[in-house]
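Overview (structure and organization)
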Amino acid sequence: MEYIDIAGAGKRVSRLIKGTDYFVHDAYEKAATNMDAFLSIGGNTVDTAHIYCGGQSEEVLGRYMKERGNRDQIVILTKGAHHDQNGPRVNADAIRSDLLESLERLQTDHVEMYALHRDDPNTPVSVILEALNEHIESGKIGAIGASNWTWQRLEEANAYAAANGLKGFTFSSPNLSLAKANEPFWEGCVSADAETLAWHEQTKLPLLSWSSQARGFFTGRFTPEVRDNADLVRVFYSDGNWERLRRAGQLAESKNTTAIQIALAYVLNQAFPTCALIGAQNQVELLSCDEGSRITLTREELDWLDLGSEVKPFV
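Moving on: the overall build of the protein. Each helix and strand in the protein was counted, giving eleven helices and ten strands. The C-alpha extent of the protein, read off along each of the three principal axes, is 55 × 45 × 35 Å. The 315 residues of the protein split such that 55% are buried. Within the protein, contacts between residues at least 6 apart in sequence are counted, and of these 76% link residues at least 24 apart.

Our next topic: the pattern of salt bridges. Pairs may arise between side chains of opposite charge once their charged atoms sit close together. Tallied over the entire structure, the rule returns 23 salt bridges. Between arginine 105 and glutamate 58 there is a salt bridge, with the nearest N and O atoms lying 2.9 Å from each other. Residue arginine 105 is located in helix α3 (residues 92-106), and its partner glutamate 58 is located in helix α2 (residues 56-68); the two are separated by 47 residues in the primary sequence. Glutamate 58 shares its class with arginine 105; the two are buried. Of the charged contacts in the structure, one is a salt bridge between arginine 234 and aspartate 231, with a shortest N-O distance of 3.3 Å. Taken together, the residues arginine 234 and aspartate 231, both in helix α7 (residues 230-236) and three residues apart, mark about one turn of the helix. The exposure class assigned to arginine 234 is partly exposed, which follows from its relative accessible area of 27%. We classify aspartate 231 as partly exposed; its relative accessible area is 36%. A single salt-bridge network, built from bridges that share partners, covers Lys11, Arg71 and Glu112.

To continue, consider the packing of aromatic side chains. Applying the stated criterion across every chain, the model contains twelve aromatic pairs. With a centroid separation of 5.1 Å and an interplanar angle of 75°, the aromatic rings of tryptophan 149 and phenylalanine 169 are classed as edge-to-face. Here the residue tryptophan 149 occupies a position in the loop between β7 (141-147) and α5 (151-163), and phenylalanine 169 occupies one in the loop between α5 and β8 (171-173), the gap between them amounting to 20 residues. Ring centres of phenylalanine 217 and tyrosine 237 lie 6.4 Å apart, and the angle between their planes is 65°; on these two criteria the pair is classed as edge-to-face. Remark: tyrosine 237 occurs in the loop between α7 and α8 (239-255) and phenylalanine 217 occurs in the loop between β9 (207-209) and α7; sequence separation between them is 20 residues. You'll find phenylalanine 217 and tyrosine 237 in the same group, each marked buried. An aromatic cluster is present here, built from Phe185, Trp186, Trp210, Phe217, Phe218, Phe236, Tyr237 and Trp242 joined pairwise through their rings. Lying over the aromatic face of tyrosine 28, arginine 63 brings its terminal NZ or CZ to 3.5 Å of the ring centre.

With that settled, the discussion passes to the nonpolar core. Counting 61 residues, the largest nonpolar core has Ile6, Met113, Leu208, Phe217 and Phe218 as the members making the most contacts within it. At nine residues, helix α9 (residues 259-268) tops the list of elements feeding residues into this core. Formed by 39 residues, the second largest nonpolar core is a distinct cluster that contains Val46, Met65, Tyr114 and Val125.

On average, residues of the protein score 95 in pLDDT, and 98% of them reach the 70 mark or higher. Contacts of residues 310-315 to residues separated by more than four positions or lying in other chains number 13 contacts, the stretch itself having pLDDT below 50.

We now examine the environment of histidine 83. As for its position among the elements, histidine 83 is in the loop between β5 (75-80) and α3. Owing to a relative accessible area of 26%, histidine 83 belongs among the partly exposed residues under this scheme. Note: C-alpha distance between histidine 83 and lysine 30 (53 residues apart in sequence) is 29 Å. Beyond its immediate stretch of four places on either side in the chain, histidine 83 contacts Pro88, Arg89, Val90, Arg118 and Asp119. Within the structure, histidine 83 has its side chain in polar contact with the backbone oxygen of aspartate 119 (distance 3.5 Å).

How each quantity is defined
Residues numbered from 1 in each chain as written. Predicted model: local features only at pLDDT ≥ 70, side-chain atom pairs only at ≥ 80, totals over all residues. Heavy atoms only, no water. Helix = DSSP H or I, 4+ residues; strand = E, 2+ residues; numbered from the N terminus. Buried < 20%, exposed > 50% of the residue type's maximum accessible area, 1.4 Å probe, protein only. Contact = heavy atoms within 4.5 Å. Salt bridge = Lys/Arg side-chain N within 4 Å of Asp/Glu carboxyl O. Phe/Tyr/Trp six-rings, centres within 6.5 Å; stacked < 30°, edge-to-face > 60°. Lys NZ or Arg CZ within 6 Å of the ring centre and 35° of its normal. Core = buried A, V, L, I, M, F, W, Y, C linked by side-chain atoms within 4.5 Å. pLDDT = per-residue confidence, 0-100. Polar contact = N/O pair within 3.5 Å; in protein donor to acceptor, adjacent residues only side chain to side chain.

See below:
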C-alpha cells in the first residue's frame with residue numbers, strides 16, 4: 001500500500017480509503033470483517049460522515065475500534081454540515097453540533113481529517129474557516145478539507161486563511177473518475193473537471209475521490225442497452241464514456257488486468273497527490289482494488305484514456 005501526506009493529519013494516509021456508507025448495526029460482523037481485511041492489505045484510512053446510515057456508520061466504526069483496540073492504527077475522515085430538509089447549514093453551530101456528535105459516536109476525542117460535506121456559497125469563507133480553526137486549536141480536528149467544493153471556493157478559502165494566520169484546507173474530496181459525470185449525482189455534488197485537475201496540478205492539493213470507480217461502470221455489467229440502473233444511466237451513460245470504457249478494456253488487455261482496475265489506476269496516477277475512496281464489500285473486490293492501486297500509467301496513457309488523443313496506440 002502506498003501513502004500520501006496531508007498537512008495536519010498527523011499520520012500518513014493510505015492511497016485506498018475505505019468507504020463505510022453501508023456500515024449498520026444489523027450487519028456489524030460484515031463491517032468488522034471488511035475492516036480487518038482492509039487493514040491487512042495496509043489500508044489505514046476510513047471515510048465516514050455524520051449523515052451516513054443515520055449515524056450508524058460512525059457508531060459501527062466506533063464500536064469496531066473499541067473492540068479491536070486499534071484506534072491508533074486508523075486515520076478517520078468524517079464529514080459534517082450537510083444540508084437538511086430546510087436547506088444549507090454550513091455554519092459554526094452546525095459544524096460544532098455535527099462534530100461533537102460524530103466524536104461521541106466514534107468513541108474518540110479527535111479525528112485526523114474533517115471535511116465539510118457540502119458548500120454554501122452564500123456563507124463567507126471567513127465564517128467557515130474561523131469556525132473550523134476553533135476545533136483545530138482545541139485538538140478535535142487535525143486536517144480540514146472540503147467535500148464537493150469547487151476549486152474557486154477552495155482557492156478563496158485558502159487565500160483568506162493565509163492572509164489571516166489561519167489553517168486552510170489541506171485536501172479536497174470531489175468525485176473524480178475516468179467516466180465523466182453528465183450531471184451531479186445529487187444537488188450540490190461536485191465532479192472534478194479539466195479546470196479542477198489543472199488547479200490541483202498547480203497547487204498539489206491532495207484530492208480524495210469519491211465514486212472513484214464510477215459506481216461499477218467499468219465492471220463490464222453495463223452496456224448502452226442495459227438501462228436498469230436509472231442513476232447510472234443519468235450520470236454516466238454517454239458516447240464519450242462508452243469510448244472511455246472501450247479504451248480502458250483495450251489498455252487492460254495489454255497489461256493483463258481489468259478495465260475497472262485501469263479506471264482506479266487513472267485516479268491514482270494523476271500529476272498530484274490522490275487517494276481513492278473504495279466501496280469494496282468483499283475479499284474479491286478488495287483484492288481487485290489493491291491490485292489496481294499498483295498499476296502505473298504514463299501521462300500519455302492517461303490522456304488517451306480520457307479521449308485526449310484520437311491516436312490509438314494500444315493493441
